[in-house]
Amino acid sequence: MTELISGEALNRLEDVERQLQGLSGELLRLSHETLGYQQRFLILEETQKRHEESIREIEKSTKVMELQFNQIMTRFDTLEMKLFSLLQQAQTNSVDERKASQKEWLTFLKYVIGGTILLIVYQLFVKG
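Report on the accompanying structure.

Cut-offs used in this document
- Residues numbered from 1 in each chain as written.
- Predicted model: local features only at pLDDT ≥ 70, side-chain atom pairs only at ≥ 80, totals over all residues.
- Heavy atoms only, no water.
- Helix = DSSP H or I, 4+ residues; strand = E, 2+ residues; numbered from the N terminus.
- Rg over C-alpha atoms; globule rule 2.2 N^0.38 Å.
- Buried < 20%, exposed > 50% of the residue type's maximum accessible area, 1.4 Å probe, protein only.
- Areas by Shrake-Rupley, 256 points an atom, 1.4 Å probe, with all protein chains shown as cover.
- Lys, Arg positive; Asp, Glu negative; His and termini not counted.
- Charge placed at Lys NZ, Arg CZ, Asp CG, Glu CD.
- Salt bridge = Lys/Arg side-chain N within 4 Å of Asp/Glu carboxyl O.
- Phe/Tyr/Trp six-rings, centres within 6.5 Å; stacked < 30°, edge-to-face > 60°.

**As for the overall build of the protein**
Scanning the protein from terminus to terminus reveals 1 helix and 0 strands. Over its C-alpha atoms the protein spans a radius of gyration of 53 Å, topping by over 25% the 14 Å that the globule rule assigns to 128 residues. Counting only residues that meet the buried cut, the protein has 0% of its 128 residues in that class. Per element, the accessible surface of the protein, about 12500 Å² overall, is 64% carbon and sulfur. For the protein, the distance from the average site of its 16 positive side-chain charges to the average site of its 19 negative ones is 23 Å.

**Notes on the pattern of salt bridges**
In total, this model carries 6 salt bridges according to the counting rule given. Two residues, arginine 29 and glutamate 26, come together in a salt bridge whose shortest N-O distance is 2.2 Å. Of this pair, arginine 29 and glutamate 26 both sit in helix α1 (residues 7-127), separated by 3 residues, roughly a single helical turn. Note on glutamate 26: relative accessible area 35%, which makes it partly exposed. Among the ionic pairs, glutamate 33 bridges to arginine 29, the shortest N-O distance being 2.2 Å. Taken together, the residues glutamate 33 and arginine 29, both in helix α1 and 4 residues apart, mark about one turn of the helix.

**Quick word on the packing of aromatic side chains**
Taken as a whole, this structure holds 1 aromatic pair when the rule is applied. Residues tryptophan 105 and phenylalanine 108 carry aromatic rings whose centres are separated by 5.9 Å and whose planes lie at 85 degrees to one another, so their mutual orientation is edge-to-face. One end of the pair is tryptophan 105 and the other is phenylalanine 108, both in helix α1 and 3 residues apart, which spans about a single turn. The class for phenylalanine 108 is partly exposed, based on a relative accessible area of 47%.

Here it is as structure tokens:
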């Protein structure tokens, strides 16, 4: 078979085989790198899925917190209105109580002054 192929062609074929053997190591290295990159890519995809799920959970909890905040604010507004109403009522009651207290003191003063006048008149008539 060597008669059919010249020595120069045979040398070239041997060079090509050596180069292919050199490239096979490089191809093997590239294949390992490719597998590593594929694994990293799969890890990145899984991480992205977990992050997306975390974002969904955060969005859900944010919506729940907004609802709770709105409920708290509604209750706070209701409490504020009740307190305002109680303060108004207390002021009205306070005015009424002051008026009643003043009437009682005036009545008491009338009796004291009337009693004092009666005592003075009595003393005038008795000692006379």
